[in-house]
Amino acid sequence: MNNIQEKFQRKIQETSLDFIRGQMTDIAWEARLIGIKGARGVGKTTLILQYIKKNLPLNEETLYVSLDQIWFAEHKLIDLADNFVKKGGKYLFLDEVHKYPNWAQELKNIYDDYPQLKIVFTGSSLLEILNARADLSRRAIVYSMQGLSYREYLNLTLKENFPVYKLNDILSDHVKLAQDLNARVKPLQYFQNYLKSGYYPFFQEAPNLYFQRLEEVVSMILEIELPLLRKVDIAYVNKLKQLLHIIAQSVPFMPNISKLSERIGINRNTLISYLYFLQEAQVIRNLYKDAKGITKLQKPDKIFLENTNLYYAFSSNNANIGNLRETFFANQLSNAHLIEYTVQGDFKVAGTYTFEIGGSHKTSQQLKGIENSYVVADNIEYGTGNKIPLWLFGFLY
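Residues numbered from 1 in each chain as written. Predicted model: local features only at pLDDT ≥ 70, side-chain atom pairs only at ≥ 80, totals over all residues. Heavy atoms only, no water.

Undergrad: Can you walk me through the packing of helix α9 (residues 210-230) against helix α13 (residues 308-315) in this structure?
TA: Helices that pack against each other are described as a pair by the angle of their axes relative to one another and the distance between those axes. Look at α9 against α13: their axes get within 10 Å of each other, and the N-to-C directions meet at 95°. With respect to each other, α9 and α13 are oriented roughly perpendicular. Two secondary-structure elements touch here, α9 through Tyr-210, Phe-211, Leu-214, Glu-215 and Val-218 and α13 through Asn-309, Leu-310, Tyr-312, Ala-313 and Phe-314. Taken together, the residues of the contact of α9 with α13 sort by class into 8 nonpolar, 1 polar and 1 charged. (Axes fitted to C-alpha atoms, helices over the stretch in contact; angles between N-to-C directions. Helix = DSSP H or I, 4+ residues; strand = E, 2+ residues; numbered from the N terminus. Parallel < 35°, antiparallel > 145°, perpendicular 65-115°, else oblique. Contact = heavy atoms within 4.5 Å. Nonpolar A, V, L, I, M, F, W, Y, C, P; charged D, E, K, R; others polar.)

Dropping the structure here:
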């Protein structure tokens, strides 16, 4: 126990408060049981350590512990919690819970047995967290954490403090917002760097190893988590990697499931299920005409990788520009809005707005007669009327 406290204090000392993710203010920290899920490397550990350092007493009342520590090979989580509470503990932070067997059941028991204890847990195995939701239902508030928005990337890189804008503000006042931002920064100067290697905060640690780390994250999902947690046949892992390369190199990918299943050698219904699992793991994003109540046997109308950096990891310099633009838009909007496929335009957002994505010369010709429709154009600093710069949608979170 003393060793765990020492490691916690060392981590707190090393935690910088220079840059803090916007999600810090979105979480209801007063809740008794909070979960934060997100892909490896998006900054979950840093977020909770920063919260502790800013807001909580650094004494016996507060404890952070990562459940991948060797200490848990011979000790139980519930015993740690019991000992912590008996010594005055009030705030328990549990990192990487998916590394601990039967964590959800023990966490449920701790929640029920120690009502005075507030618990925050994080997990990088999104499939594991989804599996555990049934055990923790009615108890945990679970937040999903994405990688950096373009706004956060600029704040981190330039030591700035650009504000968050709501979607309605961008749609109604984009010219003024673009003027304000262009007076402080040239947003197109940094945009391509963000699309290529700015989504995960670890881009600053070892730039030369960035894409290798991304590939390792995806490989762990494909080779370990999907077979273990979704019973995906291990023999199909290489075929799923082939599928990701196909998506990365395609014009925005509208799958012909029958032809695709023949091409990569997976049964049609099995392939649709695997596409659903890949979306659960946040490796890809499936777009549906009606995104409410989708099932794992519903064919997606369009498929993207989850974020633009993955295109460069899988396709190097062959990433399709149309794919990158649409993926950026879908990624930034999906943080807080429902996104669906639509026949006219590229995206239907919140059931109300229709968006067509393209380059600087894109017109609204394809949107004629559609209410609440907008052109989102790349490579422009300012928009006009219903034509809005693509980069501006990177300021939504």
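Next comes the rest of the account.
Undergrad: Any chance you could explain the packing of aromatic side chains here in plain terms?
TA: Any pair of aromatic rings gets described here by the distance separating the centres and the angle formed by the planes. Taken as a whole, this structure holds 31 aromatic pairs when the rule is applied. Ring centres of Trp-391 and Phe-395 lie 6.0 Å apart, and the angle between their planes is 75°; this geometry places the pair in the edge-to-face category. What links up through ring pairs into an aromatic cluster is the set Tyr-150, Tyr-153, Phe-162, Tyr-165, Phe-191, Tyr-194, Phe-203, Phe-328, Trp-391 and Phe-395. The ring of Phe-347 carries the charged tip of Lys-302 above its face, separated from the ring centre by 5.9 Å. (Phe/Tyr/Trp six-rings, centres within 6.5 Å; stacked < 30°, edge-to-face > 60°. Lys NZ or Arg CZ within 6 Å of the ring centre and 35° of its normal.)

Undergrad: Any chance you could explain the pairing of strand β1 (residues 33-37) here in plain terms?
TA: Along β1, 5 of the 5 residues are buried, which leaves the element largely enclosed by surrounding structure. Neither face of β1 is open: one carries Leu-33, Gly-35 and Lys-37, the other Ile-34 and Ile-36, and all of them are buried. In this sheet, strand β4 (residues 118-123) lies alongside β1 in parallel orientation, the contact comprising 5 bridges. Its bridge partner lying in β4, Ile-34 is registered against Val-120. Of the pairings in the sheet, the one linking β1 to strand β5 (residues 141-144) comprises 4 bridges and is parallel in character. (Buried < 20%, exposed > 50% of the residue type's maximum accessible area, 1.4 Å probe, protein only. Pairing = 2+ DSSP bridges.)

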